[in-house]
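Descriptive structure summary
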Amino acid sequence: MWPAAEFGDAWADVYDAVFADLDTDAEHAVAALSTDLADGAGVLELGVGTGRLAIPLAATGLHVTGVDSSARMLAGLAAKAGGDAVRGVLGDMVDPPVEGPFDLVLIAFNTLFALPDQDRQVACVGAAARGLADGGRLVVEAAVPQPWRFADGDHDPVTQTVRSVRVVPDDTGVRTLPLNMRYAWPSEVDLMARLAGLSRVRRSGGWAGEPFDDLSTRHVTTYRKDPTT
Ligand SMILES: C[S@@+](CC[C@H](N)C(=O)[O-])C[C@H]1O[C@@H](n2cnc3c(N)ncnc32)[C@H](O)[C@@H]1O
């Protein structure tokens, strides 16, 4: 198991530079996420990071709250242009310290896999569901696991964990940053959602609505909390 703040505290000052090439993907994500939401709708992003998605979402007129376990990531969010439009909350997404209901809960960019075991992932999806208004949606973006690519890391196929590092350039040369995950197949994420009382309404292979098929390397899946009668 790894500490909840380990990733964010290690990555905070290089995160935006390392993932700068995802700008177009973020534009597609914001367009897809904001389409069905009324102006002023409430959005909760779990593992908000430096606001790569939350800041442009807030700029569309949504009320965005972001929970993150890393104070350093949240400081990065607050320091960015438009960051003050996102309410950043320090906390664990297994039990996010925020009050709903939200119209949309977002768990993007493999952030569900940052939780180190199945119990925590199930609890996180459960908390997301509890935070939703009736008819509200949970959107999960996550990789389709490719175990044959885990050869460079310390891979345990039983617990579905991979512990590895990423080497990134910095001012002094290079830095080695932790990149640990507990992966889950799309079907397992569906099951977590079902346990939480959510039904799947859509699955794409990316934010631009790409079809999801056997060649997809990620999925963007929308689940709905059906209104109680
Ligand atoms: C891969 S980054 C994604 C950040 C952002 N959602 C994005 O799309 O750029 C994962 C984020 O989840 C946060 N995180 C990891 N474990 C967490 C936990 N248990 N509770 C809350 N946040 C967590 C990290 O600090 C980091 O900011």
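See the structure shown above.
The notes below deal with the structure included here. Computed from a predicted model, the values in this text were never measured in an experiment. (Residues numbered from 1 in each chain as written. Predicted model: local features only at pLDDT ≥ 70, side-chain atom pairs only at ≥ 80, totals over all residues.)

**Some words on the sheet that holds strand β9 (residues 198-204)**
This is how the line gets drawn: Pairing between two strands is assigned when DSSP locates at least 2 bridges connecting them. Per the convention used, a helix needs a DSSP run of H or I reaching at least four residues, while a strand needs a run of E reaching at least two, with both numbered from the N terminus. Helix axes use the C-alpha atoms of the stretch in contact, all axes being lines fitted to C-alpha atoms, and the angles between their N-to-C directions lie in the range 0 to 180 degrees.
The mixed open sheet is built from seven strands, whose spatial order is β3-β2-β1-β4-β5-β10-β9. Two strands close off the open sheet at either side, each with one partner strand: β3 (86-90) and β9. The sheet shows a mean angle of 20 degrees between the axes of neighbouring strands, taken without regard to direction. In this sheet, strand β2 (residues 63-68) lies alongside strand β1 (residues 42-46) in parallel orientation, the contact comprising five bridges. Each bridged residue has a counterpart across the sheet, and for Leu 44 the counterpart in β2 is Thr 65.

**Some thoughts on the site of the ligand**
Selection criterion: Here, nearness is defined through the C-beta atom: a residue counts as near a molecule or strand if that backbone-placed atom lies within 6 Å of it.
Taken together, 22 residues form the shell around the ligand, and within it Gly 8, Gly 47, Gly 49, Arg 52 and Phe 109 come nearest. Going through the elements one at a time, α1 (6-11) and β2 are the ones with two or more residues in the shell around the ligand.

**Considerations on unusual backbone geometry**
This is how it is decided: Exposed residues have 12 or fewer other C-beta atoms within 10 Å of their own C-beta, buried residues have 20 or more, and partly exposed residues fall in between, where C-beta atoms are placed from the backbone.
Here the bond from Gly 100 into Pro 101 is cis, since omega is 0 degrees, no more than 30 degrees from zero. You can see Pro 101 is positioned in the loop between β3 and β4 (102-107). The backbone of Phe 109 sits at a positive phi, close to 50 degrees, despite the residue not being glycine. For Phe 109, a count of 21 C-beta atoms within 10 Å puts it in the buried group. For Gln 160, which is not a glycine, the phi torsion comes out positive at approximately 60 degrees. Classification of Gln 160 as partly exposed rests on a count of 19 C-beta atoms within 10 Å.

**Considering helix α7 (residues 186-195)**
For clarity, the cut-off: Think of the arc as the fan of directions from the helix axis to the C-beta atoms. For every residue pair, C-beta atoms are placed from the backbone, and the pair is scored as a contact if these atoms sit within 7 Å.
Those residues of α7 lying buried are Val 189, Met 192 and Ala 193. An end-on view of α7 places all buried positions within 100 degrees of arc, on one side of the element. Turned more than 90 degrees away from the buried face of α7 sit Ser 187 and Leu 195, all of them exposed. Its buried side turned inward, α7 meets α6 (118-130), β5 (132-143), β9 and β10 (218-225). Looking one or two places after α7, you find Gly 197, whose phi comes out positive at around 85 degrees.

**Looking at helix α5 (residues 71-79)**
Among the residues of α5, Met 73, Leu 74, Gly 76 and Leu 77 are the ones counted as buried. Looking straight down α5, one finds its buried side chains confined to an arc of 155 degrees; they lie on one side. In this fold, the buried residues of α5 make contact with α1, α2 (15-18), β2 and β3.

**Describing the sheet that holds strand β6 (residues 154-156)**
One open sheet accounts for three strands, arranged β6-β7-β8; its pairing is antiparallel. Of all strands in the sheet, those bounded by a partner on one side alone are β6 and β8 (173-182). Across the sheet, the axes of successive neighbouring strands diverge by a mean angle of 25 degrees, strand direction being ignored.

**Quick word on the nonpolar core**
This is how it is decided: Under the definition applied here, buried Ala, Val, Leu, Ile, Met, Phe, Trp, Tyr and Cys residues are grouped into a nonpolar core through C-beta atoms within 7 Å.
Counting residues in hydrophobic clusters, the biggest one holds 57 residues, and the most contacted among them are Leu 57, Val 105, Leu 106, Ala 128 and Leu 138. Excluding residues within four positions of it along the chain, Val 105 makes contact with Leu 44, Leu 46, Ala 128, Gly 131, Leu 132 and Leu 138.

**Examining the pairing of β1**
Note the threshold: Crossovers are described as right-handed under a simple rule: with the strands pointing away from the observer, the path leading from the first strand over the helix to the second runs clockwise.
Of all five residues in β1, five are buried, a share of seventy percent or more. Of the two faces of β1, the one lined by Gly 42, Leu 44 and Leu 46 and the one lined by Val 43 and Glu 45 are each fully buried. What joins β1 to β2 is helix α4 (residues 54-59), and the crossover it makes is right-handed. With three bridges connecting them, β1 and β4 associate as parallel partners. Counted as the bridge partner of Val 43 is Leu 104 from β4.

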